[in-house]
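Listed below are the residues making up each chain.
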2 protein chains.
Amino acid sequence: MTVDERYLRDWSGLTRGVPQTVHQPASTDEVAALVRQARREGKHITVQGGLTGLAGGAVPADGDVVINMGRMNRIEYVDDVEGIMQVQAGATLQQVQEAAAAAGWFFPVDFAARGSCQIGGNAATNAGGTQVLRYGTLRDSVLGIEAVLADGEIVTSLTRLVKNSSGLDLRFLFIGSEGTLGIITRLTLRLQPPPGASATALAQVPDIASLSALLRHLRVTLGPQLTAYEFMSAEFLQQASELTGVASPLGPGSAWSVLIQASGGADAHANLEAALTRAYDDGLVTDCAVAASLADADKFWRLRESIPELMSTLKPTVNFDCGLPMAQMPDFVEQVQRALQQRYPQARHLFMGHLGDNNIHILTGPHPESEWFNVEEIVYSALRGRQGTISAEHGIGFLKKPFLGYTRSAGELQLLQRIKRALDPDNTLNPGRIFD
Amino acid sequence: MTVDERYLRDWSGLTRGVPQTVHQPASTDEVAALVRQARREGKHITVQGGLTGLAGGAVPADGDVVINMGRMNRIEYVDDVEGIMQVQAGATLQQVQEAAAAAGWFFPVDFAARGSCQIGGNAATNAGGTQVLRYGTLRDSVLGIEAVLADGEIVTSLTRLVKNSSGLDLRFLFIGSEGTLGIITRLTLRLQPPPGASATALAQVPDIASLSALLRHLRVTLGPQLTAYEFMSAEFLQQASELTGVASPLGPGSAWSVLIQASGGADAHANLEAALTRAYDDGLVTDCAVAASLADADKFWRLRESIPELMSTLKPTVNFDCGLPMAQMPDFVEQVQRALQQRYPQARHLFMGHLGDNNIHILTGPHPESEWFNVEEIVYSALRGRQGTISAEHGIGFLKKPFLGYTRSAGELQLLQRIKRALDPDNTLNPGRIFD
């Protein structure tokens, strides 16, 4: 049997081999039957969603049985009074967003891969995106889960309740465990009221330490109206501006800028303007522009969202989605910047991220593939001892596995493995992801 | 050794026996040593927080080793820039709230037992309270956990990151599992900006089905400003009014009323008033009073919070904290009301709850202890097949254990037991809670 090329890799580009078969089951029962058969035959299973992952988690090895969820893509119901939806795991994020909007609600998880990525894969990796500050990660939008375990048992926990205190919450075994403990087949999702009009601003801070002070000021002043707080290094902003042709409205002078969004309520624009004026008076902000029109706001976002173009200009790049406490950010950035600059003076090293989510992205390149591990070692070793994480939102998969011990304790790793052994003693489901 | 009476029961009143010893360890290492010793000696451990539970989960049996967390009550740090706190598990909820407020932040979980209950116990039972609509349950305020496992191993996962996608999130093994998988010793908590001024209203709806339609209207109109939506049956409101001496501002006429709170932003009061005027025009509300002063607002809340007095007037009572989808609520209430009325015409049956949390409380009494099981059977059997839960916030403990299978599937129960066996093969920690 020939296997279609597209099932061999995800967006990370990693390839591992050619699977024995690729199945596209149409129901939970079919998934369960495939799992039982694979287990009987001693095969390894690789679970696939939309194949948009960046950590190689959905990439099959030689001889694997691939279970691709693409055919289980139905929206099963939308409760438009309560704001709840039940879907099959293979529905795309965009399908979910559109079905929510059609019922007068809003699904708050969003990122660029929305048209291809699947909601089941989003849950398995606990995807984040640009609205986490206000709505949390995918975990916070999942009310219930149905999953197939490694022995083919179906666990149906499709609760649709906001509150439930009746023993261990089984959702969390499957959210973020990257398909190693079960295959998510269906989900109940929590929808949000539409956020309403938003206001956008771009601000410059005097130094990196002011980023967290400004965020504190905005959180306390704007409360839940604050929906995005995306910081960018001066070099990132300059590169983005050159690439997109969008001029930054800010003068030169500071190493750090931040894109700020406030949403909801007729007063979001006025509140954002007042909060930034106050911040300027207090010296937390050195320059600032509030978008006067939707077109202006789109331009500001265009700068922040130029990452795919930056990646292709600087390719081959190495990309990071580290997490760490805000208080650690200045020192971490300085250490990494210095180390990368020293070792790779010819490359560019760009920093940006979601400060309110403790998440910093680093984009560095070009680097030949032979240097990737060394680049990773520089960045991940700088995370040690800082209470951080090597992955805030992309997951571990295969690619970050060697570094997991840098930010998780030995006790944690032992417990992860104990749970895995209890639920999948034959190592049938997604073996080799997260840990060996 | 004589054991102090106060360690023998919680607020449920259940007693089971006299423990061998009661320990109050001062550190995580001491907890771990006690667990190792108990396991070596084949003893059962009962973990105790503030003993305010309503399901008997902290009540020891004859010969148990009690680990009471009351001495581990330190606030370890407050990060007032980022809004994060690290505490020992025995700190009271009130200590946590006060330490947050002192740093200019807000800890959003709140209920009447705040001065006695402990944050570790709150986490072990995933406590709810009156602010869940806006801030979620305790789970949503916990960023990291340290716990001692049944073999005495310490698992430190005191992450303080909003976002982390590096394998299974271990917090969720301990939150809501009622001490059966580990003893929570320390936590990192997420704080919120202070909510600001609030507006309160009491409204009458034409019928029970309108409760969810009104909630939808308010969620979409007020967005995150909507912070409480507490419904009450006419009989509850009347009894509460008689007991407290607070007259309801609403005329007679409807079977259902709802207490509504909007918070945050200078326009909360105006927005709430406008939203209710619109609801009145649309027939979703038949009468309505917005509190004109803080004293008025306090009176409205006094009615809702008269439950302890109602319980003592009607004692002995049987109390429920069921959860179910909003669409099921009218039929469930009618079925339960009819059945209780028919079988216990001399008792009172009061209904109230947090609709936005899918949570309905039922308070019925007086009932002699010999009838308690029959009362429970009437209520819990009415939950079957409705995608509900027998406990939305109080936990299962011992008292609700016989009914857990009414709302959790066989697959779920098997998986719960499998996790328990993997982490506590000798059944050392809190045996007999949740399931046998």
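Given the structure is predicted, the values throughout are model-derived calculations rather than measurements.

Parameters and conventions
- Residues numbered from 1 in each chain as written.
- Chains lettered and ligands numbered in written order.
- Predicted model: local features only at pLDDT ≥ 70, side-chain atom pairs only at ≥ 80, totals over all residues.
- Heavy atoms only, no water.
- Contact = heavy atoms within 4.5 Å.
- Buried area = accessible area lost by both parts, 1.4 Å probe.
- Salt bridge = Lys/Arg side-chain N within 4 Å of Asp/Glu carboxyl O.
- Helix = DSSP H or I, 4+ residues; strand = E, 2+ residues; numbered from the N terminus.
- Nonpolar A, V, L, I, M, F, W, Y, C, P; charged D, E, K, R; others polar.
- Pairing = 2+ DSSP bridges.
- Axes fitted to C-alpha atoms, helices over the stretch in contact; angles between N-to-C directions.
- Buried < 20%, exposed > 50% of the residue type's maximum accessible area, 1.4 Å probe, protein only.
- Polar contact = N/O pair within 3.5 Å; in protein donor to acceptor, adjacent residues only side chain to side chain.
- Domains from an automatic or database assignment.
- UniProt positions renumbered as here; feature names shortened; annotations may be inferred.
- Parallel < 35°, antiparallel > 145°, perpendicular 65-115°, else oblique.
- Left-handed = near helix turned anticlockwise from the far one by under 90°.
- Core = buried A, V, L, I, M, F, W, Y, C linked by side-chain atoms within 4.5 Å.
- Arc of directions from axis to C-beta.

Student: An account of the interface of chain B and chain A is requested, with residue identities and associated values reported.
Tutor: With 82 residues of chain B in contact, the opposing surface of chain A contributes 82 residues. The three residues of chain B that bury the most area against chain A are Lys163, Ser165 and Leu168 of chain B, which together make up 13% of that side's buried surface. Here chain B and chain A share eight salt bridges between them. Of all the elements in the fold, those that place two or more residues in the side of chain B that touches chain A are α4 (132–135), β7 (154–157), α5 (171–174), α6 (210–222) and α14 (410–423) of chain B. It is α14 of chain B that provides the largest number of residues to the side of chain B that touches chain A, a total of nine residues. Class assignment of the residues belonging to the side of chain B that touches chain A gives a composition of 33 nonpolar, 29 polar and 20 charged.

Student: Requested: an account of the sheet that holds strand β5 (residues 84–88) of chain A, with residues and values cited.
Tutor: Residue and element names in this part refer to chain A. If you walk across this open sheet you meet the five strands as β4-β5-β8-β6-β7, and the pairing is antiparallel. Lying at the two open borders of the sheet, with one neighbouring strand each, are β4 (75–79) and β7 (154–157). Sheet twist, expressed as the mean angle between neighbouring strand axes with direction ignored, is 10 degrees. Direction of pairing for strand β6 (residues 142–148) relative to strand β8 (residues 183–190): antiparallel, over a ladder of six bridges. Paired with Ile145 across the two strands is Leu187, which belongs to β8.

Student: I'd like a description of the environment of Arg433 of chain A, backed by residues and values.
Tutor: Residue and element names in this part refer to chain A. For Arg433, the location among the structural elements is in the segment after α13 (410–423). Take Arg433: its relative accessible area is 1%, and that puts it in the buried class. The sequence separation of Arg433 and Thr180 amounts to 253 residues, and the corresponding C-alpha distance is 7.1 Å. Apart from the residues within four sequence positions on either side, Arg433 is in contact with Arg16, Thr46, Gly57, Ala58, Val59, Thr180, Gly397, Phe398 and Lys401. From its side chain, Arg433 meets the backbone oxygen of Gly57 in a polar contact 2.7 Å long.

Student: Which residues make up the domain arrangement of chain A, and what values do they have?
Tutor: Residue and element names in this part refer to chain A. Taken domain by domain, chain A holds domain 1 (1–194), domain 2 (198–311) and domain 3 (315–421). Taking the mean C-alpha position of each, domain 1 and domain 3 sit 26 Å from one another. Taken together, the contact pairs 18 residues of domain 1 with twelve residues of domain 3. Interface area for domain 1 against domain 3, summed over the two sides, is near 1,200 Å², with a carbon-plus-sulfur share of 61%. Contact with domain 3 buries surface across domain 1, with Leu54, Ala55 and Glu178 losing the most and accounting together for 34% of the total. Between the two partners, domain 1 and domain 3, sit zero salt bridges. Joining domain 1 to domain 3, the criterion identifies seven residue pairs in polar contact (both at pLDDT 80 or more). Taken together, the residues of the side of domain 1 that touches domain 3 break down into nine nonpolar, seven polar and two charged.

Student: Let's hear about the sheet that holds strand β11 (residues 256–263) of chain A: which residues, and what values?
Tutor: Residues and elements named next belong to chain A. Read from one edge to the other, the open sheet built from seven strands follows the order β12-β9-β11-β10-β14-β15-β13, with strand pairing classed as antiparallel. Each of the sheet's edge strands pairs with one partner strand only, and the pair in question is β12 (287–290) and β13 (318–323). Across the sheet, the axes of successive neighbouring strands diverge by a mean angle of 15 degrees, strand direction being ignored. With four bridges connecting them, strand β9 (residues 198–205) and β12 associate as antiparallel partners. By the bridge assignment for β12, Gln204 is matched with Asp287. The strands touched by helix α8 (residues 268–281) within the sheet are β9, β11 and β12, with β9 carrying the most contacts at an inclination of about 10 degrees. Relative to β9, helix α9 (residues 294–304) is tilted by about 55 degrees, and along the sheet it contacts β9, β10 (226–233), β11, β12, β14 (348–354) and β15 (359–365).

Student: If you had to explain the UniProt feature "domain: FAD-binding PCMH-type" (unreviewed entry) in chain A to someone new, which residues and values would you point to?
Tutor: Using the residue numbers shown here, the UniProt feature "domain: FAD-binding PCMH-type" (unreviewed entry) corresponds to residues 15–194 of chain A. For the annotated span residues 15–194 of chain A, helix accounts for 21% and strand for 22% of the residues, and the straight-line distance between the end C-alpha atoms is 40 Å.

Student: Describe the packing of helix α7 (residues 234–244) of chain B against helix α9 (residues 294–304) of chain B, and please don't skip the residues or the numbers.
Tutor: In helix packing, the relevant descriptors are the interaxial angle and the interaxial distance, both defined with respect to the helix axes. Residues and elements named next belong to chain B. In contact at an axis separation of 8 Å, α7 and α9 are set at 115 degrees when each is read in the N-to-C sense. Put simply, α7 runs roughly perpendicular to α9. Every pair of crossing elements has a handedness; the one defined by α7 and α9 is right-handed. Of the residues in α9, those touching α7 at Phe236, Leu237, Ala240, Ser241 and Thr244 are Arg302, Leu303 and Arg304.

Student: Requested: an account of the nonpolar core, with residues and values cited.
Tutor: General note: in soluble globular proteins, nonpolar side chains tend to be found buried as a group. One finds Phe332 of chain A together with Leu173 and Phe332 of chain B to be the most contacted residues of the largest nonpolar core, which totals 216 residues. Take this core: its biggest share by element is six residues, from helix α12 (residues 372–383) of chain B. Beyond its immediate stretch of four places on either side in the chain, Phe332 of chain B contacts Cys322, Leu324, Ile360, Ile362, Val379, Ala382, Leu383 and Arg386 of chain B.

Student: How would you summarise the packing of helix α11 (residues 329–343) of chain B against α12 of chain B if you had to cite specific residues and measurements?
Tutor: Residues and elements named next belong to chain B. At a minimum axis separation of 9 Å, α11 and α12 run at an interaxial angle of 160 degrees. Our classification of the angle between α11 and α12 gives roughly antiparallel. Between α11 and α12 lies a crossing of right-handed hand. Packed against α11, whose contacting residues are Phe332, Gln335, Val336, Ala339, Leu340 and Arg343, the element α12 presents Asn374, Val375, Ile378, Val379, Ala382 and Leu383 at the interface. When its residues are assigned to classes, the contact of α11 with α12 shows nine nonpolar, two polar and one charged.

Student: Give a description of the environment of Ser177 of chain B that names residues and reports values.
Tutor: Its place among the elements puts Ser177 of chain B in the loop between α5 and β8 (183–190). On the accessibility criterion, Ser177 of chain B (2% relative accessible area) is buried. Separated by 90 residues in the primary sequence, Ser177 of chain B and Asp267 of chain B have C-alpha atoms spaced 41 Å apart. Leave out the neighbours within four places in its chain, and Ser177 of chain B touches Leu168 of chain A together with Ala124 and Ile434 of chain B.

Student: Which residues make up α9 of chain A, and what are the values?
Tutor: Where α9 of chain A is concerned, the buried positions are Ala297, Phe300, Trp301, Leu303 and Arg304 of chain A. An end-on view of α9 of chain A places all buried positions within 150 degrees of arc, on one side of the element.

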